[in-house]
Amino acid sequence: MLTVVKPFRALIFASMLAALGCHAQTPIKTSAETQGRLSPELTRRVEVLIRSRASIPPGYQIQVGPRTKSDVPGFDTISVSFLADGKSSKPSDFLISTDGKTLAQFSRFDISKDPKLLVSGEGRPSRGGPANAPVLIVGFDDLECPYCAKMNDQLFPALTERYKDQVRIVYRDFPLDQHPWAMRAAIDTNCVGTKSPTGYWNLVDYIHEHAGELGGTEKSLAKANETLDTLTRAEGKKQNLNLETLNACLAKQDDSTIKESIKLGESIGVDSTPALFINGEKVEGALPLGDLYRMIDSALIASGQTPPPPPTPIQAQPQTPPATKPGN
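Residues numbered from 1 in each chain as written. Predicted model: local features only at pLDDT ≥ 70, side-chain atom pairs only at ≥ 80, totals over all residues. Heavy atoms only, no water.

Caption draft 1: Broad picture of the pairing of strand β6 (residues 92–97). Across the six residues of β6, five count as buried, placing the element largely inside the fold. Both strand β4 (residues 75–84) and β6 contribute to a ladder of six bridges, which runs antiparallel. Looking at β6, one finds that Thr77 is bridged to Leu95. Across two bridges, the pairing between β6 and strand β7 (residues 102–104) is antiparallel. Its bridge partner being in β7, Leu95 is matched across the sheet by Ala104. Connecting β6 to the antiparallel partner β7 that follows it, the hairpin turn spans four residues, and Gly100 within it adopts a positive phi of roughly 75 degrees. (Buried < 20%, exposed > 50% of the residue type's maximum accessible area, 1.4 Å probe, protein only. Helix = DSSP H or I, 4+ residues; strand = E, 2+ residues; numbered from the N terminus. Pairing = 2+ DSSP bridges.)

Below you can see the structure in the form of structure tokens.
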């Protein structure tokens, strides 16, 4: 009985439906190319299994190509395509065991690159550990996002306290369209961040903490923008920046760098904030701190580092039973 190691119905249909009609009909093989062809009996077993497992409509013909050598021990490769209306889909590759008893299909993924390199912190203000810290956490941040504000207030102080120099933290900008002053906040903080990482983080922390107040009671966009510029100038003065250069940056409101950051985020699957990448591992939404600790610990171990000891759980204090009244 022919068996399937792992059926990929969606993969079969994706290649069949997306490509059908876009490729020329499969040419007839020459005698030299068909020397490894399957026997009619084995070909039928392959066809019946694929048709039943992937629910191939009766109107589609299944074409099974000859065996070719694979790099998987004990298996050869066969290509399968689907024919309808005189046109053939792009072939899908399957593995067939050399004894003809097992059919398999799997996806191949390149894991040769370090996931940490998926998104870098290069050129961005950082806090926590140094540039060579074993764990890099990149957060895609929207300064008008209340969930980002909560993360900024609670999560990162806990991480820097627990991991010290083992973790480096970087923000990349991802202002959402529904947040009217988030783009200006990103531009303003970057005007400072290019010269002063300390000033950048001071602004980021303050804006996140006071985001609900920036537009005043009337929630005015003009008021929010004016407040952002005022805060940025004050921080620039505090950090001894060149105020003429800073004012020129604020007046220009160049969003090209922010748009590049958004494009980068979208290319790696970011569609909401906050989104974190822990040495390349994506984390979305609010996770319990313990889960994040486990992910960071795993990244540290993979880097040859020893994670800090688990935090000591807080012991519940015994409760004094309520006094009973006489007669109760």
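Once the structure has been displayed, the description carries forward.
Caption draft 2: Up close: the sheet that holds strand β10 (residues 167–173). Ordered in space as β8-β10-β9-β11-β12, the five strands form an open sheet in which the pairing is mixed. Among the strands making up the open sheet, the edge pair consists of β8 (126–128) and β12 (281–284). Averaged over all pairs of adjacent strands, the angle between strand axes in this sheet comes to 25 degrees, irrespective of strand direction. In this sheet, β10 lies alongside strand β9 (residues 135–141) in parallel orientation, the contact comprising seven bridges. Bridging from a neighbouring strand, Ile137 pairs with Ile169 of β10. Contacting β8, β9, β10 and β11 (275–278), helix α3 (residues 146–163) crosses the sheet at an angle of about 160 degrees to β10. (Axes fitted to C-alpha atoms, helices over the stretch in contact; angles between N-to-C directions. Contact = heavy atoms within 4.5 Å.)

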